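What the coordinates show
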Amino acid sequence: MKVFKTFAASAFSIFSVVAIFGANPAAANPQGLEGSYLGAGVSIGTTSGGQGDDGRTMGGNVQGRFDVPNAPISLRGSVLFTDENAAFVPMVSYDLAVSENTNIYAGGGASLLLDNNSTTPLGNRDAFAVTAGVETGLTDNLAVYGDVKLGINAYEKSLADALSIQVGAAYRF
């Protein structure tokens, strides 16, 4: 439950910051971030399953977004990795434009690990996962993103959930 509260507080914080500082009141219907991207950045696993070999981890991420034209959804894929393991995280998200070239999004999917015996930023076993984040286009070819991902029951021999934070920069196409 503590992890869920942390996830909810993190998501609310991201949405609040974007709404307060990123919203353009002059635009009645802002045009959010359109197009697809592929990027890379940092991932921080903020939780532990309570066992000796599943502590908090820091690693990297590779994230992509495929924009579904004329629909408020995107297909997303992430790889959250450490020097020992990787989690592949395919997701579908609902995207909401909050200002010019900026979206907030929420979605769900799965976290599929290469090796269920080593920890990733999103736990150490396959799990259902949800996400909430923000993305903004800085130029025609550059975007930045940040999100939190929650892996439900994502640790072996534990009922603990995993929470990871990702930030990065992406090439837009």
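These lines cover the structure that appears in this document, whether it is placed above or below. What you see is a predicted model; the values in this text were computed from it and never measured.

**Looking at the overall build of the protein**
Helix and strand counts for the protein stand at one helix and eight strands. Put simply, the protein runs from its N terminus to its C terminus through helices and strands in the order α-β-β-β-β-β-β-β-β. Expressed as a percentage of its 173 residues, the buried residues of the protein come to 47%. Of all intrachain contacts in the protein linking residues separated by at least 6 positions in sequence, the fraction that spans at least 24 positions is 57%.

**Considerations on the packing of aromatic side chains**
Scanning all chains against the criterion turns up two aromatic pairs. Ring plane angle 5 degrees and centroid distance 5.9 Å describe the contact between tyrosine 37 and tyrosine 145, whose orientation is recorded as stacked. Taken together, the positions of tyrosine 37 in strand β1 (residues 37–45) and tyrosine 145 in strand β7 (residues 142–152) put the pair 108 residues apart, joining distant regions of the chain. Comparing tyrosine 37 with tyrosine 145, the two get one shared label, buried.

**What to know about empty space enclosed by the protein**
Tallying each qualifying case throughout the model produces one cavity of 30 Å³ or more. Reported here for the largest cavity is a volume of approximately 40 Å³. In this structure, the largest cavity is lined by Tyr37, Gln63, Gly64, Arg76, Ser78, Met91, Tyr105, Asp147 and Lys149. Among the secondary structure elements, those contributing two or more residues to the lining of the largest cavity are β2 (58–67), β3 (73–81) and β7.

**Remarks on the sheet that holds strand β8 (residues 162–172)**
The strand order around the closed barrel formed by eight strands is β1-β2-β3-β4-β5-β6-β7-β8, and the pairing between neighbours is antiparallel. Shown here is a sheet whose adjacent strand axes are inclined to one another by a mean of 25 degrees, direction ignored.

**Quick word on the layout of surface pockets**
As a volume, the largest pocket reaches approximately 280 Å³. Residue lining of the largest pocket: 17 residues in total, with Gln31, Leu33, Glu34, Ala71 and Pro72 positioned closest to the centre. Only β2 and β4 (86–99) provide two or more residues apiece to the lining of the largest pocket. The biggest single contributor to the lining of the largest pocket is β4, with four residues. Taken together, the residues of the lining of the largest pocket sort by class into nine nonpolar, four polar and four charged.

**A few points about the side chain of serine 74**
With respect to the secondary-structure elements, serine 74 resides in strand β3. Classification of serine 74 as buried rests on a relative accessible area of 0%. Within polar-contact distance, the side chain of serine 74 engages the side chain of arginine 65 at 3.0 Å. Once you skip the residues sitting within four places of it in the chain, serine 74 turns out to touch Arg65, Phe66, Asp67, Val68, Met91, Val92, Ser93 and Asp95.

**Notes on the nonpolar core**
By size, the foremost hydrophobic cluster in this structure holds twelve residues: Leu80, Ala87, Val89, Met91, Leu113, Leu122, Ala127, Ala129, Ala154, Tyr155, Ala160 and Ala162. Elements with a contribution of two residues or more to this core: β4 and β6 (127–137). In terms of residue count, the dominant contributor to this core is β4 (three residues). Ignoring any residue separated from it by four or fewer positions in sequence, one finds leucine 113 in contact with Asn85, Ala86, Ala87, Ser118, Thr120, Gly123, Asn124, Arg125 and Asp126. If you look at the next biggest cluster of nonpolar residues, it comprises five residues, including Leu33, Ala143, Tyr145 and Ala170.

**Looking at the side chain of aspartate 67**
Mapping aspartate 67 onto the fold places it in strand β2. A relative accessible area of 17% places aspartate 67 in the buried class. Of the polar contacts made by the side chain of aspartate 67, one reaches the backbone nitrogen of glycine 35; its length is 3.0 Å. Leave out the neighbours within four places in its chain, and aspartate 67 touches Glu34, Gly35, Ser36, Ile73 and Ser74.

Each value, and the rule that gives it
- Residues numbered from 1 in each chain as written.
- Predicted model: local features only at pLDDT ≥ 70, side-chain atom pairs only at ≥ 80, totals over all residues.
- Heavy atoms only, no water.
- Helix = DSSP H or I, 4+ residues; strand = E, 2+ residues; numbered from the N terminus.
- Buried < 20%, exposed > 50% of the residue type's maximum accessible area, 1.4 Å probe, protein only.
- Contact = heavy atoms within 4.5 Å.
- Phe/Tyr/Trp six-rings, centres within 6.5 Å; stacked < 30°, edge-to-face > 60°.
- 1 Å grid on protein atoms, 1.4 Å probe; cavity = no way out; pocket = protein on both sides within 12 Å on 5 of 7 lines; lining within 4 Å.
- Points joined across faces, edges and corners; volume = space filled by probe spheres on them.
- Pairing = 2+ DSSP bridges.
- Axes fitted to C-alpha atoms, helices over the stretch in contact; angles between N-to-C directions.
- Nonpolar A, V, L, I, M, F, W, Y, C, P; charged D, E, K, R; others polar.
- Polar contact = N/O pair within 3.5 Å; in protein donor to acceptor, adjacent residues only side chain to side chain.
- Core = buried A, V, L, I, M, F, W, Y, C linked by side-chain atoms within 4.5 Å.

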